[in-house]
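# Architecture and fold: a report
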Amino acid sequence: MQNGQRLRNLALNNTVRYVFLAATVAALVFFLIASNRLVRQLSQQERERMDIWAQATQRLAQADVDADIDFLLSIISQNNSIPVMVADSAFNILDFRNFSLPEKSEEESPGFEELSEVNRDFLTNRLRQAAGNHPLEKVAQTNPHFIRVEVYYNYPQYIYYEDSILLKRLSWYPYVQLIVMVVLALIIYSALVYTKNAERNRLWAGLSKETAHQLGTPISSLMAWNEYLSSTGTSPEITGEMNKDINRLSVIADRFSKIGSKPELHLEYLNTTVEKSLGYMSSRISDRVKLHLNFPEDDIAVMVSIPLFEWVMENLTKNAVDAMEGEGEITITTGMEKGKAWIEVKDTGKGIAKKNFKRVFSPGYTTKKRGWGLGLTLVKRIIEEYHGGKIFVKESEIGSGTTFRIELPIVKEY
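Residues numbered from 1 in each chain as written. Predicted model: local features only at pLDDT ≥ 70, side-chain atom pairs only at ≥ 80, totals over all residues. Heavy atoms only, no water.

A cluster of nonpolar side chains, contributed by L21, V25, V29 and I33, occupies part of the molecular surface with about 360 Å² of accessible area. The topology assignment puts I33 in helix 1 (residues 2-62). A relative accessible area of 53% means that I33 is categorised as exposed. (Patch = residues over 30% accessible without salt bridge, like charges linked within 9 Å, V, L, I, M, F, W, Y side chains within 5 Å. Areas by Shrake-Rupley, 256 points an atom, 1.4 Å probe, with all protein chains shown as cover. Salt bridge = Lys/Arg side-chain N within 4 Å of Asp/Glu carboxyl O. Helix = DSSP H or I, 4+ residues; strand = E, 2+ residues; numbered from the N terminus. Buried < 20%, exposed > 50% of the residue type's maximum accessible area, 1.4 Å probe, protein only.)

Structure (structure tokens):
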């Protein structure tokens with residue numbers, strides 16, 4: 001029943017994540033489409049403005065000497081944002097406006113011939129690049145930024161215009177908006193994950209301290225009863241075994257008390273510590289499980305909390321025994337490389353699928369019918385948060401076994 005509730009909670013958490021992800025993607029798509037639509041509308045408006053400007057230019061060129069051209073001139077002069085130039089078929093620029101030139105001109109509105117050679121070359125190259133060095137008559141048929149106008153005696157001219165600075169900036173707006181929204185979504189998601197992790201850490205600490213506190217009273221009572229039995233002549237063998245179990249309970253309570261706060265680390269030797277931590281489990285596992293220790297001759301100095309490190313080794317050993325269903329071989333190897341000490345726990349059990357290499361350390365993950373699925377989660381927390389190390393599944397094969405690897409910082413001078 002507890003496992004079922006745990007699975008429901010995990011499913012609910014996954015559902016919340018998927019809903020958040022789907023809502024974020026939907027919002028991004030909506031704003032991206034809306035922004036692109038706005039940019040297209042503005043681009044169309046600029047095209048229409050340039051068509052009107054081109055018509056005004058054409059009528060002005062074809063106007064009689066006595067014609068009233070003030071209206072046409074007002075239309076042409078109103079364009080103070082869209083870069084535009086007028087050229088003939090030979091790429092000779094006849095007029096231009098609103099281009100940012102590399103060299104400043106002394107005149108306020110100079111003609112093309114009054115420009116410096118650098119500025120003239122700049123405009124000519126810009127026109128040729130926009131046309132791809134193709135004839136302007138051909139380009140005007142396919143490129144909407146080129147407009148053909150007829151002047152006197154069927155003499156064509158070509159108006160080339162670029163997007164205004166405003167439109168260029170707006171064309172980048174959807175992508176900037178996309179980046180901002182992605183960053184914002186990541187910040188919100190990170191905040192949610194951080195809040196969840198902080199809440200989970202507080203829960204871990206609270207449960208651990210409460211467990212240690214609850215165990216304290218019965219342990220004290222058992223110690224008193226054991227002393228009473230000893231004083232009444234009860235067999236020393238019986239009271240001795242009881243005392244072992246009482247000490248074991250005291251060790252467990254001490255471990256839980258250390259989970260809620262930062263434990264003190266002490267200089268220890270790795271091989272000695274590993275061997276000592278297996279003392280309790282080695283006498284309680286089946287005779288059908290063979291335990292092999294492969295240690296180098298030189299011991300390795302590390303900073304560890306003995307009670308918590310023993311808990312790690314006991315959990316890994318117990319998981320290995322469960323994975324082998326009480327029959328097989330467990331090989332524990334230690335070594336040192338690249339400034340790190342390492343311990344590998346290898347079993348001949350049923351193995352772990354590669355997709356679950358990281359999931360095995362998640363709270364609630366278990367393949368057993370009974371249990372909380374917290375053993376490896378505790379192991380990861382103890383190794384990584386309290387000892388500054390790392391634990392991971394080094395390798396595993398279904399039906400052949402699994403190897404867990406622990407890496408710890410070494411003490412260079414000892």
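Below, the discussion takes up unusual backbone geometry. A positive phi angle, near 70°, is found at N98, a position not held by glycine. In this fold, N98 is placed in the loop between strand 2 (93-97) and helix 3 (117-131). Taking the relative accessible area as the measure of exposure, N98 reaches 30% and is therefore partly exposed. Phi at K338 is positive, roughly 50°, even though this residue is not glycine. Relative to the assigned elements, K338 resides in the loop between strand 8 (328-337) and strand 9 (340-347). Classification of K338 by relative accessible area gives exposed; the value is 83%.

The next thing to look at is the nonpolar core. Nonpolar side chains in soluble globular proteins tend to be buried together. Grouped together as the largest cluster of nonpolar side chains are 40 residues, with contacts concentrated most on L270, L316 and I343. Sorting the residues of this core by element identifies helix 7 (270-277), strand 7 (301-304), helix 9 (306-323), strand 8, strand 9, helix 10 (375-386), strand 10 (390-397) and strand 11 (401-409) as the ones contributing at least two each. Ranked by residue count, the leading element in this core is helix 9, at nine residues. Membership of the second largest hydrophobic core comes to 17 residues, among which are M85, A87, I93 and V139. (Core = buried A, V, L, I, M, F, W, Y, C linked by side-chain atoms within 4.5 Å.)

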